[in-house]
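# Remarks on the overall topology
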Amino acid sequence: KGEYAEALKMYAEAIKRNPDDPKVWNNRAACYQKLYELRLGIKDSEKAVELDPNYVKGWSRLGQMYYGVKDLVKAKRAFQRMQEIEPGNTDAQKGLDMVATMEQTTPADPNEVQRRVQNDPEAMSIMQDPQMQKVLQELQSNPSSAQKWMADPIVSRKLQKLIDVGVIRTSPAPP
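Reading guide: rules and limits
Residues numbered from 1 in each chain as written. Predicted model: local features only at pLDDT ≥ 70, side-chain atom pairs only at ≥ 80, totals over all residues. Heavy atoms only, no water. Helix = DSSP H or I, 4+ residues; strand = E, 2+ residues; numbered from the N terminus. Buried < 20%, exposed > 50% of the residue type's maximum accessible area, 1.4 Å probe, protein only. Contact = heavy atoms within 4.5 Å. Areas by Shrake-Rupley, 256 points an atom, 1.4 Å probe, with all protein chains shown as cover. Core = buried A, V, L, I, M, F, W, Y, C linked by side-chain atoms within 4.5 Å. Expected span 1.5 Å × (residues − 1). Polar contact = N/O pair within 3.5 Å; in protein donor to acceptor, adjacent residues only side chain to side chain. Axes fitted to C-alpha atoms, helices over the stretch in contact; angles between N-to-C directions. Parallel < 35°, antiparallel > 145°, perpendicular 65-115°, else oblique. Left-handed = near helix turned anticlockwise from the far one by under 90°. Nonpolar A, V, L, I, M, F, W, Y, C, P; charged D, E, K, R; others polar.

## As for the overall build of the protein
- Helix and strand content of the protein: 11 helices and zero strands.
- Going residue by residue from the N terminus, the α and β elements of the protein occur as α-α-α-α-α-α-α-α-α-α-α.
- Seen along its three principal axes, the alpha-carbon backbone of the protein occupies a region of about 60 × 35 × 30 Å.
- The buried share among the 175 residues of the protein stands at 37%.
- Within the protein, contacts between residues separated by at least 24 positions form 51% of all contacts whose residues are at least 6 apart in sequence.
- Of the roughly 11,000 Å² of accessible surface on the protein, 52% is carried by carbon and sulfur atoms.

Spelled out as structure tokens, the structure:
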């Protein structure tokens, strides 16, 4: 533990000298991760990918830390971004698999879902849309209607957004 605390000091100095180097930010994030200071690590990883949006290791660490704080939506986005940059990246797929497993095994916390919706203007707008309210009611009473609604590109995009924030929970397809 002491080694990581000392490394944090060294990376802080390195950041002062070269604040535009995403690797330094990501390395300091790694120290925070080892010290279980995930919120601080998230800030550094976000800075790393801001400096270099194609920095796969930055996205990887960001996804891991969001997963660690159970922000599955942001973890999933980070791992998806990795796949966009490097299609076939096995670490990205492992990360997405971990997120999918946790999504399936973790019961939805209604307060957390409500917080996510309230902090997302797009999700709020979708939830207040009368047509989408009808769609959601139909899906609740007739889950097999999902296929029909997913064929509509506008409704499908809105439903995906509601899945992302946790309003709609999906189950894996049967083998």
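After that view, the rundown keeps rolling.
## Notes on the nonpolar core
- Counting residues in each nonpolar core, the largest one holds 18 residues, and the members touching the most others are W59, L62, F79 and M82.
- For this core, the elements supplying multiple residues, two or more each, are α3 (38-51), α4 (56-68), α5 (72-85) and α6 (90-105).
- Look past the residues within four positions of F79 in its chain and what remains in contact with it is S60, G63, Q64, A92, G95, L96 and V99.
- Formed by 10 residues, the second largest nonpolar core is a distinct cluster that contains M132, V135, L139 and V155.

## Quick notes on α5
- Look at α5: 20 Å from first C-alpha to last across 14 residues, which is about the 20 Å you get at 1.5 Å a residue.
- Burial in α5 covers these residues: L72, V73, A75, K76, A78, F79 and M82.

## Focus: the side chain of R61
- Tracing the sequence through the fold places R61 in helix α4.
- Here the side chain of R61 touches N26 through a polar contact of 3.4 Å, landing on its backbone oxygen.

## Notes on the environment of M65
- Among the structural elements, M65 can be located in helix α4.
- Residue class for M65 comes out buried when judged on its relative accessible area of 0%.
- The sequence separation of M65 and G41 amounts to 24 residues, and the corresponding C-alpha distance is 7.3 Å.
- If we skip the residues at most four places from it in the chain, M65 touches A29, Q33, L38, G41, I42 and S45.

## Examining the packing of helix α2 (residues 22-34) against α4
- Put simply, α2 and α4 touch, their axes get as near as 10 Å, and they point 25° apart. Classified by the interaxial angle, the pair formed by α2 and α4 is roughly parallel. The crossing of α2 and α4 is left-handed. On the side of α2, the interface is formed by N26, A29, A30 and Q33, while α4 contributes K57, G58, R61, Q64 and M65.
- The residue makeup of the contact of α2 with α4, split by class, is three nonpolar, four polar and two charged.

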